[in-house]
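Single-letter residue listing:
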Amino acid sequence: MRVLVAGSLGFIGGRLVEGLAREGHDVLGADRGEVAGALAAHRPEALVWAAGSRGADPEAMRAQHVDAPMEALRRMSPSSRFVYLSSGEVYGPQAVPF
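What counts, and at which threshold
Residues numbered from 1 in each chain as written. Predicted model: local features only at pLDDT ≥ 70, side-chain atom pairs only at ≥ 80, totals over all residues. Heavy atoms only, no water. Helix = DSSP H or I, 4+ residues; strand = E, 2+ residues; numbered from the N terminus. Rg over C-alpha atoms; globule rule 2.2 N^0.38 Å. Buried < 20%, exposed > 50% of the residue type's maximum accessible area, 1.4 Å probe, protein only. Polar contact = N/O pair within 3.5 Å; in protein donor to acceptor, adjacent residues only side chain to side chain. Core = buried A, V, L, I, M, F, W, Y, C linked by side-chain atoms within 4.5 Å. Contact = heavy atoms within 4.5 Å. Salt bridge = Lys/Arg side-chain N within 4 Å of Asp/Glu carboxyl O.

1. Considerations on the overall build of the protein
Counting its secondary structure elements, the protein contains 3 helices and 4 strands. Helices and strands appear in the protein in the N-to-C order β-α-β-α-β-α-β. At 14 Å, the protein has a C-alpha radius of gyration in line with the 13 Å of a compact globule built from 98 residues. Dimensions of the protein, computed from C-alpha atoms along their principal axes, come out at roughly 40 × 30 × 20 Å. Buried positions account for 30% of the 98 residues belonging to the protein.

2. Considerations on the side chain of Gln64
Inspection of the secondary structure assignment puts Gln64 in helix α3 (residues 58-75). Of the polar contacts made by the side chain of Gln64, one reaches the side chain of Arg32; its length is 3.4 Å.

3. As for unusual backbone geometry
A positive phi angle, near 45°, is found at Arg43, a position not held by glycine. Along the chain, Arg43 falls in the loop between α2 (35-42) and β3 (46-49). With a relative accessible area of 57%, Arg43 lands in the exposed category.

4. A few points about the nonpolar core
Listed in full, the 11 residues of the largest apolar core are Leu4, Ala6, Ala30, Val35, Ala38, Leu39, Leu47, Trp49, Ala51, Ala72 and Met76. Contributions of two or more residues to this core are made by β1 (2-6), α2 and β3. In contact with Leu4, other than residues within four places in its own chain, are Leu28, Gly29, Ala30, Val35, Ala38, Leu39, Pro44, Ala46, Leu47 and Val48. Counting 5 residues, the second-largest nonpolar core is a separate cluster that includes Val3, Val5, Leu20 and Ala46.

5. Let's talk about the pattern of salt bridges
Per the counting criterion, the structure on display carries 4 salt bridges. Linking Arg62 and Asp67 is a salt bridge whose minimum nitrogen-to-oxygen distance equals 3.5 Å. By relative accessible area, Arg62 is classed as partly exposed at 45%. For Asp67, a relative accessible area of 37% translates into the label partly exposed. We note a salt bridge from Glu71 to Arg75, for which the minimum N-O separation is 3.0 Å. Of this pair, Glu71 and Arg75 both sit in helix α3, 4 residues apart, which is roughly one turn of that helix. Among the residues examined, Arg75 registers a relative accessible area of 49% and is labelled partly exposed. Members of the salt-bridge network, linked through shared partners, are Glu71, Arg74 and Arg75.

6. Some words on the environment of Pro44
Within the secondary structure, Pro44 sits in the loop between α2 and β3. The exposure class assigned to Pro44 is buried, which follows from its relative accessible area of 9%. Sequence separation between Pro44 and Val3 is 41 residues, and the spatial gap between their C-alpha atoms is 5.4 Å. With sequence-adjacent residues up to four places away left out, Pro44 is seen in contact with Arg2, Val3, Leu4, Ala38, Leu39 and Ser80.

Here it is in C-alpha cells:
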C-alpha cells in the first residue's frame with residue numbers, strides 16, 4: 001500500500017515509517033508543509049497524520065491539530081484511508097504523566 005506519513009521526522013512518525021517499510025509498504029514521509037504536494041504527486045492510498053507538537057498558543061495548536069489534517073483529508077481521494085495519531089494536546093495544559 002502507498003502510505004504517506006505526515007510528521008515522519010518526529011519520534012513516532014519516524015518509527016512508523018520504518019515499521020511500514022519493513023512490512024513491505026511503499027512509504028513516503030513528509031512534514032506538515034510538504035503534505036499537500038506529496039498528496040498531489042504520489043496519490044497515496046493512506047495518510048497517517050503524526051505531525052503535531054505541544055505548545056501554549058491555542059491558535060497555533062488548532063492550526064496543527066485540526067486545520068492542517070482537515071485540509072489534507074479534503075485533498076485525499078474518497079477511497080483513501082486516514083489515520084490521525086492524537087497527541088498530549090487532547091489533555092490540555094497538564095503536567096505529565098497524564
